[in-house]
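# Summary of the model geometry
Each chain, letter by letter, is given below.
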Amino acid sequence: MSLLEMKHIRKSFDGLEVLKDISISVKEGEILSIIGPSGSGKSTLLRCATMLEKIDGGEISYLGEVAASVKDGKELYVKGEKRKQISSYFGLVFQNFNLFPHYSVMKNITDAPIHVQKRPRAEVYEEARALLKKMGLEDKENAYPCQLSGGQCQRVAIARALALNPKILFFDEPTSALDPELTGEVLRVIKSLADLKITMVIVTHEMAFARDISDRIIFMDKGVVALEGTPQEVFGAEHARMQEFLGKFNA
Amino acid sequence: MGFGQSCLIFALTLLFSLPLGMVVYFGRVSRIKPVSWLVKIYISIMRGTPLMLQLLIWYFGPFYLWKMNIGGYKFTAIILGCSLNYAAYFAEIYRSGIESIPKGQYEAAQLLGYGKSQTFLKIILPQVIKIVLPSVTNEVITLVKDTSLVYSVSYIEMFAVAKQIAAAQTTVLPFVIAGGFYYIFNFVVAWVMELFEKKLDYYH
Ligand SMILES: Nc1ncnc2c1ncn2[C@@H]1O[C@H](COP(=O)(O)OP(=O)(O)OP(=O)(O)O)[C@@H](O)[C@H]1O
Ligand SMILES: [Mg+2]
């Protein structure tokens, strides 16, 4: 069974069709990268998967449970406890972190596990410290986001998402807002998560990284999956739009 | 004695108007159209007419309508008038503060599983308070000036004026006309400012 299944998803913004009948599925433990030109709908796809954006058509399910479905104008979005449960399956790391500026690093990470998931404080703190260590931020737990570099903020944001123990973690261009010299540290951290067998869907413009980390790559173009396969297959494909897209990076 | 009374007016007005402003804000952004319209009109009247005039209405309204004894409710009238007036200003300050919080904060909270009220109380409100503090401070300073004025004018002299008016059997019509004039003038100013705001709305 797929962990995430998105079937025939359609999404428009005031008449502009951004996702055109797109289908993707993600297996448990898989690392999927989504690449593609600006405006091709990558962020919109992640925002639909994480229910930040409502779909206009299609069906989204997690572990076989339908989270959202819109068919023939009939809209169904799970609500209440079921919604909470399904939402707890996924986490999202934003391009611009969206840390809570008025919370310390530690509180950013621990507040939701303690007050949303109602887990014991001591246990949550212990886990958070382990996560911070993993992120190379063990000395920053009392710092505030404004005292951190972009790369450090993003690593806190990753720790914050992981603290809720999601089954699948989405990344929307996690390094695009960073200075070039800071992208390496964040990519290294994401890579270290791969060893933990966490399911990840990563939208990125870091081609070498995507090629290196992914089990599978999707090349999105104009709201559809234009190409899909292993890194070798996708990067090696004789696909005009793909080669044009790659050309921009090599130039 | 006078100073003590002024302080009391000041403190009570703040005590009532700061939370009331939040209630007014929620009315202002209510999805129920008639509610948001009524609140908008309320805010525009409160901000568009002088506080002194509003106080006169709270003062003489009950007297003219129900022949109530002004001496019995004058303190209540001052607190009521000041609180309703300041709540309107605070509501607009809160609104600009809340609107300045990036959408990403709500989205991050949603992804972490916070409910709507948790998000507002834990994530949004503390940031808003920090942002609006300078503007609130300005209002509070204005309130200090207003209360001393209110006290000296309405608490002492107005009482005498009220007696004269009552004796002369005149009406409040001149006050209302004066108020209407102020209101229209401020309405035009507010309208022009709103145009500016819209012009600047192309970025956040
Ligand atoms: N909230 C919105 N309202 C209107 N249009 C939107 C909205 N969000 C996205 N769009 C439009 O949808 C299209 C796809 O946007 P999206 O952000 O999904 O692209 P993307 O592939 O993530 O691009 P990038 O690589 O630049 O991040 C764009 O044309 C964008 O302008
Ligand atoms: Mg994007």
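A short tour of the structure in this document, coming up. Computed from a predicted model, the values in this text were never measured in an experiment. Along each chain, residue indices are assigned from 1 in the same order as the chain's sequence is written. To label them, take the chains in the order written and letter them from A, then take the ligands in the order written and number them from 1. The predicted origin of the model limits local features to residues at a pLDDT of at least 70 and limits the giving and counting of side-chain atom pairs to 80 or more, whereas totals for whole chains, interfaces and linings rest on all residues. Side-chain calculation: all heavy atoms of the structure are included, whereas hydrogens and water are not.

Moving on: the overall build of chain A. A run of DSSP states H or I qualifies as a helix once it reaches four residues; a run of E qualifies as a strand once it reaches two. Both are numbered from the N-terminal end. Secondary structure summary: chain A contains nine helices and 11 strands in total. At 18 Å, chain A has a C-alpha radius of gyration in line with the 18 Å of a compact globule built from 251 residues. Burial status follows relative accessibility: with a 1.4 Å probe on protein chains alone, a residue under 20% of its type maximum counts as buried, one over 50% as exposed, and anything between as partly exposed. Among the 251 residues that make up chain A, the fraction classed as buried is 56%. The contacts of chain A with a sequence gap of at least 6 include a subset with a gap of at least 24, amounting to 63%. By the counting rule applied here, Lys and Arg register as positive and Asp and Glu as negative, while His and the ends of each chain are not counted. Lys charges are placed at NZ, Arg charges at CZ, Asp charges at CG and Glu charges at CD. Charged side chains of chain A number 33 positive and 34 negative; the gap between the two group centres comes to 4 Å. Both definitions apply: the radius of gyration is a C-alpha atom measure, and the globule rule equals 2.2 Å times residues to the power 0.38. Only heavy atoms matter for contacts: two residues are in contact if any of them lie within 4.5 Å across the pair.

Further remarks concern the packing of helix H5 (residues 150-162) of chain A against helix H6 (residues 180-194) of chain A. Residues and elements named next belong to chain A. Interaxial angle, 0 to 180 degrees, is taken between N-to-C directions of lines fitted to C-alpha atoms, where a helix line uses only the stretch in contact. Between H5 and H6, the shortest axis-to-axis distance is 8 Å and the interhelical angle comes to 20°. Comparing their axes, H6 and H5 come out roughly parallel. For H5 against H6, the interelement crossing comes out right-handed. Counted together, Gly150, Gly151, Gln152, Gln154, Arg155, Ile158 and Leu162 of H5 and Leu182, Glu185, Val186, Val189, Ile190 and Leu193 of H6 form the full contact between these two elements. For this scheme, ten residues count as nonpolar: Ala, Val, Leu, Ile, Met, Phe, Trp, Tyr, Cys and Pro. Four count as charged, namely Asp, Glu, Lys and Arg, and the remainder, Gly too, count as polar. For the contact of H5 with H6, the class distribution of residues is seven nonpolar, four polar and two charged. Roughly parallel means an angle under 35 degrees; roughly antiparallel, over 145; roughly perpendicular, 65 to 115; everything else is oblique. In this scheme, a crossing is called left-handed if the near helix is turned counterclockwise away from the far one by less than a right angle; it is called right-handed if the turn is clockwise.

Residues and elements named next belong to chain A. For two strands to count as paired, DSSP must find a minimum of two bridges between them. A sheet is described by the order of its strands in space; here six strands give the open sequence S7-S8-S9-S3-S10-S11, paired in mixed fashion. Each edge of the open sheet is held by one strand with a lone partner, namely strand S7 (90-93) and strand S11 (224-229). Across this sheet, the average inter-strand angle for adjacent strands is 20°, counted without regard to direction. Pairing of strand S3 (residues 31-35) with strand S10 (residues 216-221), which is carried by four bridges, proceeds in the parallel orientation. Its bridge partner lying in S10, Ile34 is registered against Ile218. Strand contacts of helix H9 (residues 240-250): S3, S10 and S11, with the helix running at about 95° to S10, the strand carrying the most contacts.

All names here are of chain A. Its location among the elements puts Asp172 in strand S8 (residues 168-172). Sequence separation between Asp172 and Leu46 is 126 residues, and the spatial gap between their C-alpha atoms is 7.3 Å. Among all residues touching Asp172, those that are not within four sequence positions of it are Ser43, Leu46, Leu92, Val93, Phe94, Gln95 and Val203.

To continue, consider helix H4 (residues 121-134) of chain A. Residues and elements named next belong to chain A. Take the residue count of a helix, subtract one, and multiply by 1.5 Å to get its expected span. End to end, H4 covers 20 Å across 14 residues, agreeing with the expected 20 Å (1.5 Å per residue, within 8%). Here H4 has its buried residues at Val124, Ala128, Leu131 and Leu132. Take H4 and look down its axis: the buried residues cluster within an arc of 100°, on one side only. Among the exposed residues of H4, those pointing more than 90 degrees away from its buried face are Ala122, Glu126 and Lys133. Along its buried surface, H4 packs onto helix H3 (105-115) and H5. Our arc is simply the arc of the directions from the helix axis toward the C-beta atoms.

In this structure, Met6(A), Tyr62(A), Ile168(A) and Phe170(A) are the most contacted members of the largest nonpolar core, which totals 84 residues. At 13 residues, the largest contribution of residues to this core is made by helix H4 (residues 70-99) of chain B. Discounting chain neighbours no more than four positions away, the residues touching Phe170(A) are Leu4(A), Leu46(A), Ala49(A), Thr50(A), Tyr62(A), Phe90(A), Gly91(A), Leu92(A), Val93(A) and Val201(A). As used here, the term nonpolar core means buried Ala, Val, Leu, Ile, Met, Phe, Trp, Tyr and Cys residues forming a set that is joined through side-chain atoms within 4.5 Å. Of all hydrophobic cores here, the second largest spans 37 residues; its members include Leu99(A), Met135(A), Phe171(A) and Met200(A).

Our next topic: the site of ligand 1. Residues and elements named next belong to chain A. Summary of the distance rule: residues count as near a molecule or strand when at least one heavy atom falls within 4 Å of that molecule or strand. Taken together, 13 residues lie near ligand 1, and Ser38, Gly39, Lys42, Ser43 and Thr44 sit nearest. Polar contacts, as counted here, are pairs of nitrogen or oxygen atoms within 3.5 Å of one another; within protein the pair requires one atom able to donate a hydrogen and one able to accept it, and residues that are adjacent in sequence qualify only if both atoms are side-chain atoms. A distance of 3.1 Å is found between an oxygen atom of ligand 1 and a side-chain nitrogen or oxygen belonging to Glu173. Starting from 630 Å² of accessible surface for ligand 1 in isolation, the protein chains cover 62%. Taken together, the elements giving at least two residues each to the shell around ligand 1 come down to strand S2 (16-26) and helix H1 (42-49). Of all the elements, H1 adds the most residues to the shell around ligand 1, at three residues. Within the shell around ligand 1, the residues separate by chemical class into four nonpolar, seven polar and two charged. Computed with a 1.4 Å probe, the accessible areas rest on the Shrake-Rupley method; for each residue, only the protein chains presented here act as cover.

Turning to the pairing of S3(A), a few remarks are in order. Consecutive side chains along a regular strand alternate between the two faces of the sheet. Residues and elements named next belong to chain A. S3 sits mainly inside the fold: five of its five residues count as buried. Residues Ile31, Ser33 and Ile35 line one face of S3 and the alternating positions Leu32 and Ile34 line the opposite face, and both faces are buried. With four bridges connecting them, S3 and strand S9 (residues 199-203) associate as parallel partners. Bridging from a neighbouring strand, Ser33 pairs with Ile202 of S9.

On to the packing of aromatic side chains. All names here are of chain B. Pairs were defined over the aromatic rings of Phe, Tyr and Trp, the Trp ring being its six-membered one, requiring ring centres within 6.5 Å. Orientation was assigned from the angle between planes: stacked under 30 degrees, edge-to-face over 60, tilted for the rest. Inspection of every chain in the model, using the stated rule, returns 11 aromatic pairs over all chains. For the pair Phe90 and Tyr94, a centre-to-centre distance of 6.3 Å together with 15° between the ring planes defines the contact as stacked. Linking Phe90 with Tyr94, this pair stays in helix H4, spanning four residues, or about one helical turn. As far as burial versus exposure is concerned, Phe90 and Tyr94 are alike and both buried. Aromatic rings pair up to connect Tyr86, Tyr89, Phe90 and Tyr94 into one cluster. The criterion is that NZ of a Lys, or CZ of an Arg, lies within 6 Å of the ring centre and within 35 degrees of the ring normal, and then a charge sits over that ring. The ring of Trp37 is capped by Lys40, whose NZ or CZ atom sits 5.5 Å from the centre of that ring.

So, about H9(A). Residue and element names in this part refer to chain A. Buried within H9 are the following residues: Met242, Phe245 and Leu246. Taken around the axis of H9, the buried residues stretch over an arc of 95°, which confines them to a single face. Across H9 from its buried face, at more than 90 degrees, point the exposed residues Ala240 and Lys248. Packing partners of the buried residues in H9 comprise S3, helix H7 (207-213), S10, S11 and helix H8 (231-236).

Honestly, it's all geometry; don't read function into it.
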